Amino acid sequence: IYTFLGMNTLTNNSLSGNTAANAGGGIYTQNSTNTMTNNSLSGNTAGNLGGGIYTDTGTSTLTNNIIRGNSSGIENSGSSPTVTYSIVQQASGVYSGTGNLNVDPLFVNQPAQGLGTSGDLRLQACSPAINAGNDADVPMGVTTDLDGNARIFDGTVDMGAYELQVVVPNLYYVDAEAAGNNTGLSWADAF
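Residues numbered from 1 in each chain as written. Predicted model: local features only at pLDDT ≥ 70, side-chain atom pairs only at ≥ 80, totals over all residues. Heavy atoms only, no water.

### Examining the overall build of the protein chain
Consideration 1: Check the secondary structure of the protein chain and you find 0 helices and 16 strands.
Consideration 2: In terms of C-alpha radius of gyration, the protein chain reaches 16 Å, essentially the compact-globule figure of 16 Å for 191 residues.
Consideration 3: Counting only C-alpha atoms and orienting by the principal axes, one finds that the protein chain spans roughly 50 × 40 × 30 Å.
Consideration 4: Out of the 191 residues in the protein chain, the part that is buried amounts to 45%.
Consideration 5: Contacts in the protein chain between residues at least 24 apart in sequence constitute 53% of all its contacts with a sequence separation of at least 6.
Consideration 6: Split by element, the accessible area of the protein chain, about 8800 Å² in all, is 50% carbon and sulfur. (Helix = DSSP H or I, 4+ residues; strand = E, 2+ residues; numbered from the N terminus. Rg over C-alpha atoms; globule rule 2.2 N^0.38 Å. Buried < 20%, exposed > 50% of the residue type's maximum accessible area, 1.4 Å probe, protein only. Contact = heavy atoms within 4.5 Å. Areas by Shrake-Rupley, 256 points an atom, 1.4 Å probe, with all protein chains shown as cover.)

See below:
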């Protein structure tokens with residue numbers, strides 16, 4: 001998606017397998033406003049900057065999104081996006097903002113990077129994106145996800161374009177030799 005002197009408002013979308021020669025593999029916004037809620041961007045590539053999103057002198061507000069598995073995450077020039085309750089790919093650390101994570105969202109099938117790749121950006125039952133979004137930021141009138149299922153299921157909105165429709169029991173992983181993020185959400189990040 002390329003926007004120049006305009007406005008993007010994207011809700012419940014999946015963008016994958018896109019390629020840009022320079023910047024903005026998934027989305028390139030220039031001198032524009034970009035508002036994104038509950039989208040999944042993965043498998044997008046850019047030759048230079050912003051495999052997921054590139055913003056050049058504009059305003060971006062991103063909430064409840066998953067921007068992971070692209071050649072890079074979010075890149076900016078002359079802008080400071082507001083990003084909250086999202087999983088954002090970063091080389092290190094967590095993208096600045098309330099409720100953000102830098103973890104594998106555990107898609108059903110992570111798409112490979114590049115033009116025409118395919119995957120399944122629905123969430124596995126053990127995904128850290130489940131019930132991790134912010135209900136207050138779901139736009140008024142949006143009651144379904146990309147599949148047409150209830151947008152909020154099991155109490156709190158999921159991050160990304162798809163809402164998992166099964167009740168997930170509290171399952172935590174414990175390993176005496178844990179070396180990961182110590183969240184207990186997977187074997188790699190066991191307590």
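### Points about the environment of N8
Consideration 1: Looking at the element boundaries, N8 is found in strand 2 (residues 7–11).
Consideration 2: Relative accessible area serves as the criterion here: at 9%, N8 is assigned to the buried category.
Consideration 3: In sequence terms N8 and A178 are 170 residues apart; their C-alpha atoms lie 43 Å from each other.
Consideration 4: Beyond its immediate stretch of four places on either side in the chain, N8 contacts I1, T3, I27, T29, T33, N34 and T35.
Consideration 5: Within the structure, N8 has its side chain in polar contact with the side chain of T3 (distance 2.8 Å). (Polar contact = N/O pair within 3.5 Å; in protein donor to acceptor, adjacent residues only side chain to side chain.)

### Concerning the environment of W187
Consideration 1: Relative to the assigned elements, W187 resides in the segment after strand 16 (120–123).
Consideration 2: Given a relative accessible area of 57%, W187 falls into the exposed group.
Consideration 3: Sequence-distant contacts of W187, defined by excluding residues within four places in its chain, comprise Y173, V174 and D175.

### Observations regarding the pattern of salt bridges
Consideration 1: Counted under the stated rule, the structure contains 3 salt bridges.
Consideration 2: Two residues, R122 and D147, come together in a salt bridge whose shortest N-O distance is 2.8 Å. Taken together, the residues span a long stretch of sequence, with R122 in strand 16 and D147 in the segment after strand 16 at a distance of 25 residues.
Consideration 3: Measuring nitrogen to oxygen at the nearest pair gives 3.0 Å for the salt bridge that ties R151 to E163. Linking R151 in the segment after strand 16 with E163 in the segment after strand 16, this pair joins segments that are 12 residues apart in sequence. Accessibility classification places R151 together with E163 in one group, the buried group. (Salt bridge = Lys/Arg side-chain N within 4 Å of Asp/Glu carboxyl O.)

### A closer look at the side chain of N39
Consideration 1: Position of N39 relative to the elements: it lies in the loop between strand 6 (33–37) and strand 7 (40–41).
Consideration 2: In terms of polar contacts, N39 uses its side chain to reach the backbone amide nitrogen of N13, at 2.8 Å.
Consideration 3: Each residue touching N39, except ones within four places of it in the same chain, is listed here: L10, T11, N12, N13, N64, N65, I66, G160 and A161.

### Examining the pairing of strand 16
Residues in a regular strand project their side chains so that they alternate between the two faces of the sheet.
Consideration 1: In strand 16, alternate side chains face the same way, and those of L121 and L123 are buried while those of D120 and R122 on the opposite face are not.
Consideration 2: With 2 bridges connecting them, strand 15 (residues 107–109) and strand 16 associate as antiparallel partners. Bridge pairing in strand 16 places F107 opposite L123. (Pairing = 2+ DSSP bridges.)

This is a description of form; function is not addressed.
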